[in-house]
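Here is what each chain is made of, one letter per residue.
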Amino acid sequence: MDRRVVLVTGGSRGIGRAVCLLMGRRGCAVAVNFASDETRAGGVVDELAGAGSPAVALRADVSKADEAAALVDGVVERLGRLDVVVNSAGIERSGFLIMTSPREWEDVMDVNLRGVFNVTKAALPHMMDARAGAVVNVASLAGVTGLAGGVPYSASKGGVIAFTRALAKEVAPFGIRVNAVAPGMVETDMTAAMKEADRKRYEEMIPMGRFAEAAEVAEVVAFLASPAASYVTGETVVVGGGLP
Ligand code: NAP
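Small disclaimer: the values here were computed from a predicted structure and weren't measured.

(A) A look at the sheet that holds strand β6 (residues 176–183). Strand order in the open sheet formed by seven strands is β3-β2-β1-β4-β5-β6-β9, and the pairing between neighbours is parallel. Bordering the open sheet on either side are β3 (55–59) and β9 (236–239), each of which pairs with just one other strand. Here the strands of the sheet are splayed against their neighbours by 15° on average, with no regard to which way each runs. Relative to strand β2 (residues 29–34), strand β1 (residues 5–9) is paired through four bridges, and the arrangement is parallel. Considered in β2, the bridge of Val8 is made with Val32.

What follows is the structure, encoded as structure tokens:
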């Protein structure tokens, strides 16, 4: 990659962080978005800068349209342009549907689905002007297969997959590609609090017998964002260690 400018939402931790570090190593300038953990985001920027990659940390709650728009403006102002958006910011709330409050439903939808809408909508005019660009959304295997105890999460990620497919068709004439990854279980803060028995059960279900490292997901994201995937759009690549 030449010095393309990449915005990674939720870049302070987990999969987003791994994407920031890999894209930096591949020669991109990186905007590391975070919601609240400025220290972690600053750590990612320091790591990137130490390796010679231009990087900035930008706070924004992606569920808010005005903050998402200001985030994209901030990237263009600080790094000069915007070529790639990786929508990785996401939250999960476990619990059976009959016990799920409307507020919990909204929280998950607002970050996971509305956040993708907000950031992508704000970024597209820059890519349309350039007649080039790539969006990679971090969906989830839950959005493909459905997850008991995670109906809002599954619905939000199924929405992201349909969003990806539909938007890809809409913006292909502008030279913009839109793809998604659907990871299974990944070693991040999101899965760290899982009970040991649940973890064992998942490991037994996964043909490869283990959770993914965030870096393994980042490799697929980086491929979809790169010119190597120039004829791939509207796809969702499962990174599931053999699942589903
Ligand atoms: P994580 O380690 O919990 O990190 C979440 C990231 O999202 C953090 O950078 C956090 O920022 C950011 N974030 C949360 N709410 C935000 C908001 N409203 N606005 C902006 N940023 C926000 O999560 P992860 O496991 O890396 O997950 C990344 C993505 O992969 C998510 O979309 C998740 O659904 C998906 N995924 C994860 C797994 C898994 O097993 N881990 C599997 C499939 C899919 P702060 O640091 O500031 O809080």
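(B) Representation of the site of the ligand. Neighbouring the ligand are 32 residues, the closest being Ser12, Ile15, Ser36, Tyr153 and Thr188. In the environment of the ligand, a nitrogen atom lies 3.4 Å from a nitrogen or oxygen atom belonging to the backbone of Ala60. Here an oxygen atom of the ligand sits 2.6 Å away from a polar atom, N or O, in the side chain of Tyr153. Its free accessible area being 910 Å², the ligand has 94% of it covered by the protein chains. Contributions of two or more residues to the shell around the ligand are made by α1 (14–25), β2, α6 (151–171) and α7 (189–192).

(C) Seen up close, the packing of α1 against helix α9 (residues 214–225). One way to put it is that α1 packs onto α9 with a least axis distance of 8 Å and a crossing angle of 55°. One element, α1, and the other, α9, form an angle in the oblique class. The way α1 lies across α9 gives a crossing that is right-handed. Mapping the contact onto sequence places Gly14, Ile15, Ala18, Val19, Leu22 and Met23 in α1 and Ala214, Ala215, Val217, Ala218, Glu219, Val221, Ala222 and Ala225 in α9. Taken together, the residues that form the contact of α1 with α9 break down as twelve nonpolar, one polar and one charged.

Conventions used here
Residues numbered from 1 in each chain as written. Predicted model: local features only at pLDDT ≥ 70, side-chain atom pairs only at ≥ 80, totals over all residues. Heavy atoms only, no water. Pairing = 2+ DSSP bridges. Helix = DSSP H or I, 4+ residues; strand = E, 2+ residues; numbered from the N terminus. Axes fitted to C-alpha atoms, helices over the stretch in contact; angles between N-to-C directions. Near = heavy atom within 4 Å. Polar contact = N/O pair within 3.5 Å; in protein donor to acceptor, adjacent residues only side chain to side chain. Areas by Shrake-Rupley, 256 points an atom, 1.4 Å probe, with all protein chains shown as cover. Parallel < 35°, antiparallel > 145°, perpendicular 65-115°, else oblique. Left-handed = near helix turned anticlockwise from the far one by under 90°. Contact = heavy atoms within 4.5 Å. Nonpolar A, V, L, I, M, F, W, Y, C, P; charged D, E, K, R; others polar.

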